[in-house]
Amino acid sequence: MTDENLMAEWGKFGHLFRREEIPAKTVLLNEGEVARKVYFIEKGCLRLSFNKDGKDITFQFFFEGEGVSSAESFRYNHPSLYSIESLENSVVHTLTKKDYLEILEASPLIREAMEEQTLQRLLFVEKLFLSRIKNSPEERYRELLEQRPEILQRVPQHYIASFLGVTSVSLSRIRNRR
């Protein structure tokens, strides 16, 4: 499957998408709400976060060309375990659950691509989980620098610190040691 074939296939369903321009710092889904949409990012950055004893914890970022939703909530109508928020002025294309399922039913090519994207997200979360257990904050920062430098270039430092599991002051120290 080529990217051109996949893009052409998605194009067949363009009428089902709704284009939305989202200002920075807009919450698209609150923790505890049921996800009703999936978001495909044309422009911008979205973050996933949850509240732990009054503290905002960031655990994932999404950029152009990526899709995101609260998967369990969207699929099973459960309350979302996290919030989705725009960090930058963003342009997203949304699908309702009904339309998303209709596309998957109608297109084996898209279904296969979405299964692969789901697997890639699972593998990312698995690596993140293992990194949190076995690596020091400095090692996690180095991994981030090597694997996702766009996060360090585009995301405010306090969200990066939260993502790495350190304070902003600790992140400054780690950066200064480099």
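Above this text is the structure in question.
A brief look at the structure comes next. (Residues numbered from 1 in each chain as written. Predicted model: local features only at pLDDT ≥ 70, side-chain atom pairs only at ≥ 80, totals over all residues. Heavy atoms only, no water.)

1. So, the sheet that holds strand β5 (residues 55-62)
The four strands are arranged β2-β7-β4-β5 in an open sheet whose pairing can be described as antiparallel. A strand with exactly one partner marks an edge of an open sheet, and here the two such strands are β2 (27-29) and β5. If you compare each strand with its neighbour and ignore which way they point, the axes differ by 35 degrees on average. Here seven bridges tie strand β4 (residues 46-52) to β5, and the two strands are oriented antiparallel to one another. Bridge pairing links F50 to I57 in β5. The sheet contacts of helix α4 (residues 108-134) involve β4 and β5, and relative to β5 the element is tilted by about 135 degrees. Sitting on the sheet, helix α7 (residues 157-164) touches β4, β5 and β7 (83-86), and the angle it makes with β5 is about 95 degrees. (Pairing = 2+ DSSP bridges. Helix = DSSP H or I, 4+ residues; strand = E, 2+ residues; numbered from the N terminus. Axes fitted to C-alpha atoms, helices over the stretch in contact; angles between N-to-C directions. Contact = heavy atoms within 4.5 Å.)

2. Some points on the side chain of R148
Assignment of secondary structure puts R148 in the loop between α5 (137-147) and α6 (149-154). With residues near it in sequence (within four places) discarded, R148 still touches F61, F63, E66, F124 and E143.

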